[in-house]
Amino acid sequence: MEGQCSELLIEIGCEEMPASWLPVVTDNLVAALESRLTQARITCETPISAFNTPRRFGVSIARMHNRQADLEEMITGPPVSASFDPGGAPRPAAVGFARKQGVQVDDLDRVETAKGEYLAYSRLQRGKDTIEVLPDVLGDTLRNVNFPKQMHWDAVLDDGHGEFVFGRPIRWVLFLFSGRVVPFEIERTQGAQAVGVKRVRSSNVTYGHRFFCRTGEPGLALSVKSFEGYKKTLEDAYVLIDRDERRDRIASKLKKYAEKVGGNVAPLGRGSALLDEVPDLVEYPSVVTGSFPEDFLALPDEVLSTTMIHHQHYFPVIDRDGQLKANFLAVTNTPRDNVARIARNSERVLVARLRDARFFWEGDRAHRLDDRLDRLDTLLFHKKLGSYREKSERIALLASKIAGDVLGQTDAVEHAQRAALISKTDLATDMVGEFPELQGVMGGIYAREQGEPEQVWKAIYYHYLPVGIQPDAPPIRDDLGLATVTWAALSIADKIDTVVGLFGVGEKPTGSRDPLGIRRQAQGMLRVLTDLPGLIGVEKRISIGHVRRLARSVHQGLRDDVQERESVFFLERLRYLLEERGFDVRNVRAVTHGDLDELCPLDALRKLQVLPEFTDTPDFQRLATLFKRVKNIARELSVAELNEADRLDQQLTTVLTEPAERTLLNELSTRQAVIETAVSSGEGYREAFADAAKLGPAVDQFFTDVFVMADDAVLRRARLRLVKRVEQLIVQLADVSELVQES
């Protein structure tokens, strides 16, 4: 029986879930069910298959064992030494243990443990039928599905844990195993029962689309016996449970109807995942085509797109030249496309929003951005860091220093300072008040409208970017045009001011919570520093410590006791960025060791791009293994002591005469120039790592033939100096001890 398998089907029908919840909640359900089945010793021969719509989510397992696996337990009793007297007769300890297990003393086993020989009993617990165990499995699973927010809905599970909270009220439970209904019940509180609210019992019925059906009436119960029958029954009732199928259907229909109006679906732009969101808003997607008066095309494309995408979940349409058309596509939860009434209502709603946008656009342009600086005094950035006016003044000073002193582009200083000063003024406009997604973007557009040069308005337009950490995340160099340097200066200044300022007043991200977006700001800044040459065409290696010191210089009253925590935070963010780009974790740790203030993200990236060529070579692995020993011995001599000894003590070539010592000295002298040149220039890391690997045999021979901690103080100090030099040379490239392969 244990090897026989049957199909499991679970559907949880509930009130509509927010679209953003569905993918995560479905994944949580799968993980929770998988964990509970394992704990219950129920084996699945096929993987868990999940499905969802806004009104339901569930799982199916094609082949699951009909019985639990048997459980064999070895129960340990008292020590043998305390269980029998010298004559071998059982003592009370042995008799009591046997009685507790329901057997005779002679039936007990003896087992060897770390503490000696003990009595033990091997007990076999037979598995139950799976259908008997499944109710507890489902109850425990539902309790462990995580939601962004939980609802109290007067529900109770009979599992001893009291009230049952959930993301949305559950309306039905379809629960089948081997075609049979698995008994499961959600009780209601006494208060709910008093007003006639019924308990939820498992059954073999599901429900189709709320408003449409092919036969009968919408909302009638539909009986099913298997997953295939379930899927077909719901499809006939206008419900597609496969999310990928809904998405593909939407994408196909959007393309079709965009072409019918002579265009294509517009690229959705930064931050938009509309095509990934709408499948979780509908159960049976269709598309309607709408239009709006062409005079609204005078509004900026960004305003039109944001109104359609973010506020109405509509898809804009562009013509063959890439310009927006006065058309849009809306995804509906209906069986038929282009229902005229739905299209007209969608048009009315959109036109009303566009009239508002035009009113804001015309009203905002009546005032220059400079006129709004005083208004920023009334907008609080942070209670301990002042208003947005104060932040604007700080980042204006910072941006000018970064453009001139850090990036070395003195001709960009004035533009960087100007862009930074007015970069936040769009927060005081009506358009951004209504469409907060457009902050920064509208600032750039309004700056362009009032005649600011490209170096200024584009820097403002893009200064909240980058958000993503991948090298192709926007903006790209072509987007920035003449504003490459001013954008980089402003973007770095804005982000480092936020992070250093918030840390300096005691704010910090904790666990998954980061309400102030500190991680996002830090990662955006690190992305700029890491990809600087490709982004703006300026070859500058900027250390994290440099920009942190600049940021602290424009603040007043920041706490000093948080700097170590801030350093750890930046190191974690940089490592996260590099690991997310696919670099090996050990390699990332190796190149991001040491003093964070001197760490340049661009250097770390370039080292990582060539390091994998060497990590598996025998010489490099030998060096990596030996480097742990090098570091341990080198601790006996500090860097200050090394410098003093090099200044005052005899030359190493005079004191060190052993062949292995002279070989290592010669190798060190030969490799030093290549490694130090690479470190100082930020180029030639491939040659530097190749030369470092060649030190491996000499270091190995040195430790084989030479005893470093000699009795002679002069000789011991000289050998320590040699080991310290090896450490200091290699560690400039990477802490190669991080690369030792685990056995």
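Here we summarise the structure given alongside this text. (Residues numbered from 1 in each chain as written. Predicted model: local features only at pLDDT ≥ 70, side-chain atom pairs only at ≥ 80, totals over all residues. Heavy atoms only, no water.)

### Observations regarding the sheet that holds strand β5 (residues 109–113)
Here is step 1 of the chain: On the basis of which strands lie adjacent, the open sheet formed by three strands has the order β4-β6-β5 and antiparallel pairing. The strands lining the two open edges of the sheet, one partner per strand, are β4 (71–79) and β5. This sheet shows a mean twist of 45° between the axes of neighbouring strands, independent of strand direction.
Here is step 2 of the chain: Sheet contacts for helix α2 (residues 92–101): β4 and β6 (116–125); angle to β4, the most-contacted strand, approximately 160°. (Pairing = 2+ DSSP bridges. Helix = DSSP H or I, 4+ residues; strand = E, 2+ residues; numbered from the N terminus. Axes fitted to C-alpha atoms, helices over the stretch in contact; angles between N-to-C directions. Contact = heavy atoms within 4.5 Å.)

### Concerning the packing of aromatic side chains
Here is step 1 of the chain: Inspection of the entire model under this criterion finds 23 aromatic pairs.
Here is step 2 of the chain: With centroids separated by 5.4 Å and ring planes inclined at 50°, the aromatic side chains of Phe-51 and Tyr-230 adopt a geometry described as tilted. Taken together, the positions of Phe-51 in strand β2 (residues 49–53) and Tyr-230 in helix α5 (residues 227–236) put the pair 179 residues apart, joining distant regions of the chain. The same class applies to Phe-51 and to Tyr-230, which are both buried.
Here is step 3 of the chain: Consider the rings of Phe-614 and Phe-620, whose centres lie 6.4 Å apart with planes at 35°: the pair is tilted. Across the pair, Phe-620 and Phe-614 agree in class, each one buried.
Here is step 4 of the chain: Here the guanidinium or amino end of Arg-249 rests over the ring plane of Tyr-284, the centre of that ring lying 4.5 Å away. (Phe/Tyr/Trp six-rings, centres within 6.5 Å; stacked < 30°, edge-to-face > 60°. Buried < 20%, exposed > 50% of the residue type's maximum accessible area, 1.4 Å probe, protein only. Lys NZ or Arg CZ within 6 Å of the ring centre and 35° of its normal.)

### A few points about the nonpolar core
Here is step 1 of the chain: By size, the foremost hydrophobic cluster in this structure holds 145 residues, and its most contacted members are Phe-292, Met-442, Trp-487, Phe-570, Leu-578, Phe-689 and Val-736.
Here is step 2 of the chain: Ranked by the residues each element gives to this core, the list is headed by helix α17 (residues 484–504), at 12 residues.
Here is step 3 of the chain: Beyond its immediate stretch of four places on either side in the chain, Phe-292 contacts Leu-297, Leu-304, Met-308, Lys-325, Ala-326, Asn-327, Phe-328, Leu-350, Val-351 and Leu-354. (Core = buried A, V, L, I, M, F, W, Y, C linked by side-chain atoms within 4.5 Å.)

### Concerning the side chain of Thr-53
Here is step 1 of the chain: Here Thr-53 lies in strand β2.
Here is step 2 of the chain: Residue Thr-53 is classed as buried on the basis of its relative accessible area of 0%.
Here is step 3 of the chain: In terms of polar contacts, Thr-53 uses its side chain to reach the side chain of Glu-283, at 2.5 Å.
Here is step 4 of the chain: Discounting residues that sit within four places of it in the chain, Thr-53 has contacts with Leu-22, Val-239, Leu-240, Ile-241, Arg-246 and Glu-283. (Polar contact = N/O pair within 3.5 Å; in protein donor to acceptor, adjacent residues only side chain to side chain.)

### Some thoughts on the pattern of salt bridges
Here is step 1 of the chain: All told, the structure shown has 53 salt bridges when counted by the stated rule.
Here is step 2 of the chain: Ionic pairing is found between Asp-370 and Arg-418, a salt bridge with its closest N-O pair at 2.6 Å. Taken as a pair, Asp-370 in the loop between α9 (340–364) and α10 (373–376) and Arg-418 in helix α12 (residues 413–421) lie far apart in primary sequence, 48 residues in all.
Here is step 3 of the chain: Overall, Asp-370 belongs to the partly exposed group, its relative accessible area being 26%. (Salt bridge = Lys/Arg side-chain N within 4 Å of Asp/Glu carboxyl O.)

### Structural notes on α5
Here is step 1 of the chain: Listed in full, the buried residues belonging to α5 are Phe-227, Tyr-230 and Leu-234. The buried side chains of α5 occupy one side of the element, clustering within an arc of 55° when seen end-on.
Here is step 2 of the chain: For α5, the elements touching its buried residues are β1 (5–14), β2, β3 (56–65), β8 (170–177) and β12 (205–207). (Arc of directions from axis to C-beta.)

### Some remarks on the sheet that holds strand β16 (residues 314–318)
Here is step 1 of the chain: Spatially, four strands are ordered β14-β16-β17-β15 in an open sheet, and the strand pairing comes out antiparallel. In the strand order of this sheet, the two ends are held by β14 (264–265) and β15 (286–291), each with one partner.
Here is step 2 of the chain: Packing of helix α6 (residues 243–260) onto the sheet brings it into contact with β14, β15, β16 and β17 (324–332), and relative to β15 it is tilted by some 35°.
Here is step 3 of the chain: Seen against the sheet, α9 touches β15, β16 and β17 and runs at an angle of roughly 50° to β15.

### A short note on helix α23 (residues 601–610)
Here is step 1 of the chain: Among the 10 residues in α23, nine count as buried, and that is most of the element.
Here is step 2 of the chain: Pro-601, Leu-602, Asp-603, Ala-604, Leu-605, Arg-606, Lys-607, Leu-608 and Val-610 are the residues of α23 that are buried.
Here is step 3 of the chain: Elements that come into contact with the buried residues of α23 comprise α18 (518–530), α19 (532–536), α20 (544–553), α21 (563–580), α22 (585–591) and α28 (685–693).

### Some thoughts on the pairing of β5
Here is step 1 of the chain: The pairing of β5 with β6 spans five bridges and is antiparallel. Looking at the pairing, Glu-112 lines up with Glu-117 of β6.
Here is step 2 of the chain: With antiparallel pairing between neighbouring strands as the criterion, β5 and β6 make up a hairpin whose turn holds two residues.

### A few points about the packing of helix α27 (residues 659–681) against helix α30 (residues 713–731)
A pair of packed helices is captured by two measures, namely the crossing angle of their axes and the spacing between those axes.
Here is step 1 of the chain: α30 packs onto α27 with a crossing angle of 30° between their chain directions and a minimal axis gap of 10 Å. Considered as vectors, α27 and α30 are oriented roughly parallel to each other. Note on packing geometry: the crossing formed by α27 with α30 is left-handed. Contact with α27, carried on its side by Glu-661, Leu-664, Leu-665, Leu-668, Gln-672, Ile-675 and Glu-676, involves Leu-715, Arg-719, Leu-722, Arg-725, Val-726 and Leu-729 of α30 and no other residues of that element. (Parallel < 35°, antiparallel > 145°, perpendicular 65-115°, else oblique. Left-handed = near helix turned anticlockwise from the far one by under 90°.)

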